[in-house]
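# Chains, contacts and geometry: an overview
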Amino acid sequence: MLFTFSLSVEAQNNISLNDGWEFQKDNGAKEKVNLPHTWNAFDVLDDEPGYYRGLGIYKKKLNLDAAAKGKQIYLVFNGIAQESEVLVNGKPAARHIGSYTKFIVPISKFLNYTNDLIEVRANNRFNEDIPPLTADFTFFGGIYRNVSLLITEPIHFSKNDNASSGVYITTPDVSAEKASVQIRSLIDNSSTSAKKIQIHSTLINANGKAVASQISFVNVVSGELKTINQNFNSIKHPKLWSPESPYLYRVISRIIDVKTKTVLDEVSNPLGFRWFKFDAERGFFLNGKPLKIIGASRHQDYEHLGNAVPDALQIRDIELLKEMGGNFLRVAHYPQDPMILEACDRLGILASVEIPVVNTITESEAFTNNCLNMQREMIRQNFNHPSIVAWAYMNEVLLRPKFSNDKPRQQIYYDHIRELAQKLDDLTRKEDPSRYTLLVNHGAWDLYNKVGLTKIPMIVGWNLYSGWYSGMPADFAKFLDRHHKELPNTPFMVTEYGADADPRIRSFQPVRFDKSVEYAVKFHQTYLNAMLERPFVAGGMAWNLADFNSETREETMPHINNKGLLTIGRQPKDTYYLYKAYLSDKPYLKITSVQWKHRVGIADSSTSVSTQNIQVATNQKSAELFLNGKSMGTKVAVDHICDWKVPFEDGTNQLKVLSGALIDNADINFQVEPFKFSDKIPFNNMNILLGSKRYYIDEKQQQLWIPDQAYKPGAWGWIGGEPYKGTNNRILYGSDKNILETDNDPVYQTQQVGIQQFKFDVPDGEYELTLHFAELVGGDAKEALAYNLDNNHKKEVVEQRIFNVSINGQPFMQKLNLAADFGYTKAVQKKTRLTITNGKGISIGFMPIEGKPILNAIQLRKIY
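These remarks concern the structure in this document. (Residues numbered from 1 in each chain as written. Predicted model: local features only at pLDDT ≥ 70, side-chain atom pairs only at ≥ 80, totals over all residues. Heavy atoms only, no water.)

## As for helix H1 (residues 311–324)
Structural remark: α-helix, 3.6 residues per turn; residues separated by three or four positions point the same way. With 14 residues, H1 should reach 20 Å at 1.5 Å per residue; the first-to-last C-alpha distance of 20 Å fits that figure. Buried residues in H1 make contact with strand E25 (293–298), strand E26 (328–331), helix H2 (338–347) and helix H8 (574–583). The first or second residue beyond H1 is Gly325, which carries a positive phi of 100°. (Helix = DSSP H or I, 4+ residues; strand = E, 2+ residues; numbered from the N terminus. Expected span 1.5 Å × (residues − 1). Contact = heavy atoms within 4.5 Å.)

In structure tokens form, the structure reads like this:
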């Protein structure tokens, strides 16, 4: 690709290199790609365990204009996973370790300026010396962030200081009356001669007006790296930066040739005047005022894109957090694209950033050095963002303790973790004394205190999941009070909390680990109330802003962690609207149940309506709901939610909710199933989940599934058996195994065990019947997620299961052995067409030969 540069203004040029790359996996086929790019966008979603972790090779030709000769030319990589080697014309130019920080490669000495070839060898293999080692997220490979070509004059702000801007800005004294600014600039003279230059730094307000400036004259000799310190000592009545008013100044730094008056280099950095503190008793203060931190964490991947996400979608994440009312982003578990913190600065979102030392460490000098280097890169690259208030460096590092069968050796391992934490904390305080240090733990209180990790950082973070991975929701408040009592001088935040909410799963009997949206709403209400009631809790970050990929997960939506307030495609869930009701400073009213706009339900007795719950999120005291123009009454909001029992009719139902001048509308398309088949309600089709108390929405096939019921004469239901209960005590019914060869895992993850019959007392006619099976017991043993803290599995006992299936007394499936015939956890569906006469209805019989018969789901569709 040909680049022609206009260099009459002798400042740096930064040109995108995202297009026109050739890519191949190690010994794989070549293909044309544009950046950002990952080779793991799709293999992390298939049924085959694991994903490609290895070498990827990218190549691109550069044809540089002759005017570029004599300049300093760099390649700027914002993120490559995770080991990188850059070659220019076949010669090694640089290596970099780590997936999540930027690096800059000087390439001038390798160029021929005619037909230069750039080659990047990226490798996301497991390497015991590079964090992260394990985690509940996917380690995508590729050049997954933007790449650019940077051209500067030989004298420029340094590009060799851990890929920083070469300019560091601090505000040592800030108040409403005045502020001071310190600027430290690193000047690199790569020319062959000395030169007299001036460093011109200007503070520009949001209107583009210069507020202060300073000029320093210096001589730089050839090959010198010079540090220049400048000060703006008294900025009168500065406009303060805050979430309510994120006022941004800019510091424009220029290097000017004294003799020719030419601008040799120019760098712009944001500046926000603010001061803050964490107080163990009273929480967080910004600009002298208390501010309860409520926000979310964020992973960087997106639906169908992996982590190679376009700029606009990344920025939209921060806009969605702001629209929710959040004021904090935990950039977790790794530094993210530079535009994320730029958006935080611009929108008024406070932030913490961390390196990916997750779950466990390697006790090696190389691992320690890589951790320290990542921390240094993270701090220096992001130093000037006013949104950042804390640097973090470990997450749940005792979650997977090694040497559990050798306690003396395990103690040595713990000592090494503590030593690494201390080194990272010491480095962080030295690099940036103006911000706090943060170490994040999971809820093992005694262990973290015993190892000493609660004594090292300035702020302790706790990832708490009482009522999800372990315990009860009420245990959450007890944990908060325990920290306050036993560590009264240590500020803390709740850095993670959440419950999976598969947007396809709904329940009117929500229970722990059913993955229903309704359980997640109750969970978040409990946690928000507890944090808001306690001033000593500095804040809380919901886990997570959006669903994200975690290849090793199975559960209802395999490979996806569903704890997001948004889906992985960034569609709001009910929980997102709940947060708006809690956090919005403007009147707010929203029918949260509009997310469940296609519904199905059994008619109430012999009526023509089906009564189901509707929820409205609001920050008002009460609201009135109307169904098809008729008032359903006024309800008082409890924990920002109003609930109504609504009698839905078959077809489109118009909902309207009012509270003062606020109004919201929603249309619910409802399918009413007959209470008895003899009722006047016409029967068309029915999709039933056995052994389940939840509803399921199959969005792709537009099918709605309902929970089962025991047989009722004149209606339908099962006879005999009991719901399947797996070996993990955290799941009250069903299984969380990945069901192969289907995207509708919830259809097959529950079942009725020991079923004798299933009956439909339908009138005569032509019907299509589909039986769904999956053998849930047996198969390859999988490592339990470490996050499921009470994973006290009973051992799975595999028994032979063979049974016959008949329909109205006629054999349908003989000697059915799901495991032998189809395999474990494999979706099996058997369909048949039935002609029903003489009022006999449909009766499916299950006759055991060995073990207990099962049925996972059943569908019936009327043809004529």
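## Some points on empty space enclosed by the protein
Summed over the entire model, instances satisfying the criterion amount to five cavities of 30 Å³ or more. Volume-wise, the largest cavity comes out at about 120 Å³. Each residue belonging to the lining of the largest cavity can be placed in one class, and the counts come to seven nonpolar, eight polar and two charged. (1 Å grid on protein atoms, 1.4 Å probe; cavity = no way out; pocket = protein on both sides within 12 Å on 5 of 7 lines; lining within 4 Å. Points joined across faces, edges and corners; volume = space filled by probe spheres on them. Nonpolar A, V, L, I, M, F, W, Y, C, P; charged D, E, K, R; others polar.)

## Focus on the side chain of Thr437
One can find Thr437 in strand E29 (residues 436–442). Looking at Thr437, its side chain comes within polar contact range of the main-chain nitrogen of Met458, at 2.9 Å. Excluding residues within four positions of it along the chain, Thr437 makes contact with Trp391, Tyr393, Asp425, Thr428, Arg429, Pro457, Met458 and Ile459. (Polar contact = N/O pair within 3.5 Å; in protein donor to acceptor, adjacent residues only side chain to side chain.)

## As for the side chain of Asn395
Looking at the element boundaries, Asn395 is found in strand E28 (residues 388–395). Residues in contact with Asn395, not counting those within four places in the same chain, are Arg330, His333, Glu354, Val357, Val358, Asn359, Val440, Asn463 and Glu496.

## Focus on the nonpolar core
Residues Met394, Ile417, Leu453, Leu480, Tyr497 and Met531 are the most contacted members of the largest nonpolar core, which totals 106 residues. With nine residues, helix H7 (residues 517–532) is the largest single contributor of residues to this core. Leave out the neighbours within four places in its chain, and Tyr497 touches Leu464, Tyr465, Phe523, His524, Tyr527, Leu528, Met531, Gly540, Met541, Ala542, Trp543 and Tyr579. Judged by nonpolar contacts, the second largest core, of 51 residues, contains Tyr767, Phe773, Met813 and Ile844. (Core = buried A, V, L, I, M, F, W, Y, C linked by side-chain atoms within 4.5 Å. Buried < 20%, exposed > 50% of the residue type's maximum accessible area, 1.4 Å probe, protein only.)

## Looking at the packing of H1 against H8
Relative placement of two packed helices is described by the angle separating their axes and the distance separating the axes. Taken N-terminus to C-terminus, the directions of H1 and H8 make an angle of 50°; their axes are 8 Å apart at the nearest point. It follows that H1 is oblique to H8 by the angle criterion. Residue-level inspection shows Leu320, Glu323 and Met324 of H1 in contact with H8, the latter providing Tyr576, Tyr579, Lys580 and Leu583. Taken together, the residues that form the contact of H1 with H8 break down as five nonpolar, no polar and two charged. (Axes fitted to C-alpha atoms, helices over the stretch in contact; angles between N-to-C directions. Parallel < 35°, antiparallel > 145°, perpendicular 65-115°, else oblique.)

## Notes on the pattern of salt bridges
Scanning all chains against the criterion turns up 39 salt bridges. Salt-bridge contacts for Arg380 lead to Asp161; the nearest nitrogen and oxygen are separated by 2.6 Å. A residue pair is termed long-range when its members are at least 10 positions apart, and Arg380 in helix H3 (residues 365–382) and Asp161 in the loop between strand E14 (155–157) and strand E15 (167–174) qualify at 219 residues. Overall, the relative accessible area of 21% leaves Arg380 in the partly exposed class. A relative accessible area of 12% places Asp161 in the buried class. (Salt bridge = Lys/Arg side-chain N within 4 Å of Asp/Glu carboxyl O.)

## Structural notes on the pairing of strand E16 (residues 178–189)
Of all 12 residues making up E16, nine are buried, and the element is well covered by its neighbours. One ladder, built from three bridges, connects E14 with E16; its direction is antiparallel. By the bridge assignment for E16, Ile155 is matched with Asn189. Of the pairings in the sheet, the one linking E15 to E16 comprises six bridges and is antiparallel in character. Its bridge partner being in E16, Thr170 is matched across the sheet by Gln182. (Pairing = 2+ DSSP bridges.)

## Quick look at helix H4 (residues 407–431)
When the terminal C-alpha atoms of H4 are compared, their 36 Å separation across 25 residues agrees well with the 36 Å that a helix rising 1.5 Å per residue should span. Along H4, the residues that are buried comprise Gln410, Tyr413, Tyr414, Ile417, Leu420, Ala421, Leu424, Asp425, Leu427, Thr428 and Glu431. On the buried face of H4, the contacting elements are H3, E28, E29 and helix H5 (445–451).

## Section: the sheet that holds strand E47 (residues 716–719)
Pairing within the open sheet is antiparallel, and its five strands lie in the order E47-E50-E55-E52-E53. Of all strands in the sheet, those bounded by a partner on one side alone are E47 and strand E53 (810–816). On average, each strand axis in the sheet is tilted by 15° relative to the strand beside it, whichever way the strands run. In the sheet, strand E52 (residues 802–807) pairs with strand E55 (residues 842–850) via six bridges, with the strands oriented antiparallel.

## Focus on unusual backbone geometry
Ala81 connects to Gln82 through a cis peptide bond whose omega is -25°. By the element assignment, Gln82 lies in the loop between strand E7 (80–81) and strand E8 (83–88). Here the amide bond leading from Pro131 into Pro132 is cis, since omega sits at 5°, within 30 degrees of zero. Mapped onto the secondary structure, Pro132 falls in the loop between strand E11 (116–123) and strand E12 (142–143).

## Here we look at the sheet that holds strand E23 (residues 283–286)
If you trace the three strands from one edge of the open sheet to the other, you get E22-E23-E24, paired in antiparallel fashion. Here the strands that pair on one side only, and so sit at the sheet edges, are strand E22 (276–279) and strand E24 (289–290). Sheet topology note: the E22/E23 ladder contains four bridges and is antiparallel. Each residue of the ladder has a partner; that of Phe278, found in E23, is Phe284.

## With respect to the packing of aromatic side chains
In the structure shown here, the tally under the stated rule is 38 aromatic pairs. On the numbers, 6.3 Å between centres and 50° between planes, the contact of Tyr469 with Phe513 is tilted. Taken together, the residues Tyr469 in the loop between strand E30 (459–463) and helix H6 (475–486) and Phe513 in the loop between strand E32 (505–506) and H7 connect sequence positions 44 residues apart. With respect to burial, Tyr469 and Phe513 carry one shared label: buried. By way of ring pairs, the aromatic residues Tyr465, Trp468, Tyr469, Phe513 and Tyr519 are connected into one cluster. Between Lys239 and the ring centre of Tyr247, over which it is positioned, the NZ or CZ distance is 5.9 Å. Directly above the ring of Phe285 sits Lys277, whose terminal nitrogen or CZ lies 5.3 Å from the centroid. (Phe/Tyr/Trp six-rings, centres within 6.5 Å; stacked < 30°, edge-to-face > 60°. Lys NZ or Arg CZ within 6 Å of the ring centre and 35° of its normal.)

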